[in-house]
There are 2 protein chains.
Amino acid sequence: MTDQSTAQIDTPGGNTRTAVLEKALELFAETGFNGVSMRRIAQEVGINPATLYHHFTHKEDLYEQVLRFAYAEQAAQFSALVSTEGTPRSQLGEFIREFTRYIAKDQHFFRLVKREQLEGNSERLKMLVDLLFGQQYGAMVRSVGRVTQAFDAHMLVTSLLGLVLHHYETRHMRQFFSEYAPSQDDPDVVADHCCRLFFFGIQGEAGAGQVPEPSTHAMPTP
Amino acid sequence: MTDQSTAQIDTPGGNTRTAVLEKALELFAETGFNGVSMRRIAQEVGINPATLYHHFTHKEDLYEQVLRFAYAEQAAQFSALVSTEGTPRSQLGEFIREFTRYIAKDQHFFRLVKREQLEGNSERLKMLVDLLFGQQYGAMVRSVGRVTQAFDAHMLVTSLLGLVLHHYETRHMRQFFSEYAPSQDDPDVVADHCCRLFFFGIQGEAGAGQVPEPSTHAMPTP
DNA sequence: GTCTATAAACCGATAGAC
DNA sequence: GTCTATCGGTTTATAGAC
């Protein structure tokens, strides 16, 4: 509710507020809103629990500020992902590779988003769309629209994100399958797999085993 | 820990135990383990909180029994999904359509599984694989392996599931995008979209706009 | 801004009557 | 098998000194 706290997001210097936000982001992503107590957050930051209530009116306010903080922290990187150069198709291929590396590296933000989608709180989901995903999503929809008009561009973006994300989301579970191999978690392997599937499908007629613009890294030859 | 409770899963008749399990499944899926209290569960079932501790040793025991109950409840339906008839490719297409309808209908089970994947508890994820997904996943891996050998079959199954599931998981969020249209939530529309993408990719060279074995329902012509 | 101290509510879990 | 009553601990949140 306090608009002053929103304006302080980019306050430089490691003050208490940003220290709390960073640690709280980590903890909320780990065990969810109800899985972390204000005591625990204060303890891990190294301050008194009462101090939290000087910076944030209550727990839900802290959580909302954490969401805004996390979004702002990632927005720039997202923009960098979408605005690549080259042909529309090579842009898309490059995005898939960069996005895969990105979600393989960053842990907290996407787990937080997944929890929000599970919870289904309309108010917060709308904030999420307005603050960050709305613009990026629109850019992606236009991007895939430039490559093909044979699909609903909106559904195609949903499919593309699900294609990549599910490899990361099932990471902990897949190791228990007998068909598991560690290479299946390699970001470059996942990216190449998703590129091939997204562009050509399992038929792989036109140039099977070839990804448009293999870019810098080596390609596995299946 | 008590093996007697495990054996009682299939006890016929609407007794208290199954009533608790069904309601607890709903509540745990909704707000997670820490988001529901034993008091709340008892209240919604219409019994005294103390009664819960006659049927379950403690809260974590109740949660584990809910997982086993949910798994057993879904196992039969899962088996029916995979064992269709026809050519390997038409089997796969039929699976995508049936799976899409299935997850569009069932709410609680997949939210519970998603929460487990987020939490990353190795012990429980292993139980999930051993009790349910292990067999079904293996069957799917063999199924896609019969259709194509140009991909890692394990990764292909992960991709296929992510492709379908993400449309459902982002359902609440997508309505806030300006590109949203209600038809994008229609199970048959989603299934046809995923079929086309999975088989042919966005290139759609071989038979674009055509899905193998359109089966019973009408096909949209884009 | 940060602390000590504490209020008020809720939590998981138990004892024991019926 | 279900209930009443309650214990001990934890939770969010506040009041007020420094």
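From a predicted model like this one, the values you see are computed outputs, not experimental measurements.

Participant: What am I meant to see in the relation of the copies chain A and chain B here?
Facilitator: For the pair of chain copies, the relating transformation is a rotation about an axis with a translation along it. Superposing chain A onto chain B requires a rotation of 180° together with a translation of 0.0 Å along the rotation axis, leaving an RMSD of 0.2 Å. The symmetry that links the two subunits is that of a two-fold axis. Nearest to the rotation axis, the C-alpha of Gly 201 of chain A is located 1.9 Å from it, this being the minimum over chain A. A share of 100% of the interface residues of chain A reappears at the interface of chain B, consistent with the copies meeting face to face through the same patch.

Participant: Quick question: what am I supposed to make of the protein's contact with DNA strand D here?
Facilitator: Around DNA strand D, a shell composed of 15 residues is seen, among which Arg 39 and Lys 59 of chain A together with Thr 16, Asn 48 and His 55 of chain B lie nearest. Of everything in DNA strand D that lies within 4 Å of the protein, sugar and phosphate atoms constitute 57%. Within the backbone of Asn 48 of chain B, a nitrogen or oxygen atom sits 2.6 Å from a phosphate oxygen of DNA strand D. Between DNA strand D and the protein, one listed contact pairs a phosphate oxygen with a side-chain N or O atom of His 54 of chain B at 3.2 Å. Split by residue class, the surface near DNA strand D holds six nonpolar, seven polar and two charged.

Participant: Just checking my understanding: could you explain the domain arrangement of chain A for this structure?
Facilitator: When the parts of a complex come together, some accessible area is lost, and that lost area is often taken as the interface size. Residue and element names in this part refer to chain A. Taken domain by domain, chain A consists of domain 1 (1-71) and domain 2 (83-222). With 14 residues of domain 1 in contact, the opposing surface of domain 2 contributes 11 residues. Summing both sides of the interface, domain 1 and domain 2 together bury roughly 1300 Å²; the carbon and sulfur share of this comes to 69%. The largest per-residue losses of area from domain 1 upon contact with domain 2 belong to Ala 29, Tyr 63 and Tyr 71, which jointly make up 47% of the total buried on that side. Our enumeration of links across domain 1 and domain 2 arrives at zero salt bridges. Across the domain 1-domain 2 interface, the total number found is three residue pairs in polar contact (both at pLDDT 80 or more). Residue assignment for the side of domain 1 that touches domain 2 shows that the elements contributing at least two residues are helix 2 (16-31) and helix 5 (59-82). A per-element tally of the side of domain 1 that touches domain 2 places helix 5 first, with seven residues. Class assignment for the residues of the side of domain 1 that touches domain 2 results in eight nonpolar, two polar and four charged.

Participant: How do you make sense of the protein's contact with DNA strand C when you look at a structure like this?
Facilitator: Inspection of the region around DNA strand C gives 15 residues, with Thr 16, Asn 48, Thr 51 and His 55 of chain A together with Lys 59 of chain B positioned closest. When the atoms of DNA strand C within 4 Å of the protein are sorted by group, sugar and phosphate make up 59%. Lys 59 of chain B is positioned such that a nitrogen or oxygen atom in its side chain is 2.8 Å from a phosphate oxygen of DNA strand C. For the surface near DNA strand C, the secondary-structure elements that each account for two or more residues are helix 4 (49-55) of chain A together with helix 3 (38-45) and helix 4 (49-55) of chain B. Here the surface near DNA strand C gets four residues from one element, more than from any other, and that element is helix 4 of chain A. Residues of the surface near DNA strand C, tallied by class, amount to six nonpolar, seven polar and two charged.

Participant: What am I meant to see in the packing of helix 5 of chain A against helix 6 (residues 88-105) of chain A here?
Facilitator: Angle between the axes and distance between the axes: these two values describe a pair of packed helices. All names here are of chain A. With their axes 9 Å apart at the nearest point, helix 5 and helix 6 run at an angle of 155° to one another. With respect to helix 6, the element helix 5 is oriented roughly antiparallel. Residue-level contacts link Gln 74, Gln 77, Phe 78, Leu 81 and Val 82 of helix 5 to Phe 95, Glu 98, Phe 99 and Tyr 102 of helix 6.

Participant: Mind showing me how you'd approach the environment of Gln 91 of chain A here?
Facilitator: Among the structural elements, Gln 91 of chain A can be located in helix 6. Among the residues examined, Gln 91 of chain A registers a relative accessible area of 15% and is labelled buried.

Participant: Any chance you could explain helix 3 (residues 38-45) of chain A here in plain terms?
Facilitator: Residue and element names in this part refer to chain A. Turning to helix 3, its buried residues are Met 38, Ile 41 and Ala 42. Projected onto a plane normal to the axis of helix 3, the buried residues spread over an arc of 95° and lie on a single side. In helix 3, the exposed positions that point more than 90 degrees away from the buried face belong to Arg 39 and Gln 43. In the core, the buried residues of helix 3 are packed alongside helix 2, helix 4 and helix 5. At the exit of helix 3 stands Gly 46, carrying a positive phi of roughly 95°.

Participant: In this structure, what is going on with the interface of chain A and chain B? I would like to understand it.
Facilitator: Counting residues at the interface gives 63 residues for chain A, matched by 63 residues for chain B. Carbon and sulfur atoms supply 65% of the area that chain A and chain B bury against each other, a total of about 6100 Å² over both sides. Taken together, the links from chain A to chain B amount to four salt bridges. Across the pair Glu 119 of chain B and Arg 115 of chain A runs a salt bridge, and its minimum N-O distance is 3.6 Å. Listing elements by their share of the side of chain A that touches chain B, those giving two or more residues are helix 2, helix 6, helix 7 (108-119), helix 8 (122-147), helix 9 (153-169), helix 10 (171-174) and helix 11 (187-200) of chain A. The element that contributes the greatest number of residues to the side of chain A that touches chain B is helix 9 of chain A, accounting for 12 residues.

Participant: I tried to follow the packing of aromatic side chains on my own but got confused; where do I start?
Facilitator: Between two aromatic rings, the relevant description is the distance of the centres plus the angle of the planes. Under the defined criterion, the tally for this structure stands at 28 aromatic pairs over all chains. With a centroid separation of 5.5 Å and 85° between ring planes, the pair formed by Phe 109 of chain A and Phe 110 of chain A is classed as edge-to-face. Like Phe 109 of chain A, the residue Phe 110 of chain A is buried in the burial classification. Relative to Phe 109 of chain B, the ring of Tyr 71 of chain B lies with its centre 6.0 Å away and its plane at 90°, an arrangement referred to as edge-to-face. Of this pair, Tyr 71 of chain B sits in helix 5 (residues 59-82) while Phe 109 of chain B sits in helix 7 (residues 108-119), and the two are 38 residues apart along the sequence. With respect to class, Tyr 71 of chain B is no different from Phe 109 of chain B; both count as buried. Directly above the ring of Phe 33 of chain A sits Lys 59 of chain A, whose terminal nitrogen or CZ lies 4.5 Å from the centroid.

Basis of the calculations
- Residues numbered from 1 in each chain as written.
- Chains lettered and ligands numbered in written order.
- Predicted model: local features only at pLDDT ≥ 70, side-chain atom pairs only at ≥ 80, totals over all residues.
- Heavy atoms only, no water.
- Least-squares fit on C-alpha atoms with pLDDT ≥ 70 in both.
- Contact = heavy atoms within 4.5 Å.
- Near = heavy atom within 4 Å.
- Polar contact = N/O pair within 3.5 Å; in protein donor to acceptor, adjacent residues only side chain to side chain.
- Nonpolar A, V, L, I, M, F, W, Y, C, P; charged D, E, K, R; others polar.
- Domains from an automatic or database assignment.
- Buried area = accessible area lost by both parts, 1.4 Å probe.
- Salt bridge = Lys/Arg side-chain N within 4 Å of Asp/Glu carboxyl O.
- Helix = DSSP H or I, 4+ residues; strand = E, 2+ residues; numbered from the N terminus.
- Axes fitted to C-alpha atoms, helices over the stretch in contact; angles between N-to-C directions.
- Parallel < 35°, antiparallel > 145°, perpendicular 65-115°, else oblique.
- Buried < 20%, exposed > 50% of the residue type's maximum accessible area, 1.4 Å probe, protein only.
- Arc of directions from axis to C-beta.
- Phe/Tyr/Trp six-rings, centres within 6.5 Å; stacked < 30°, edge-to-face > 60°.
- Lys NZ or Arg CZ within 6 Å of the ring centre and 35° of its normal.

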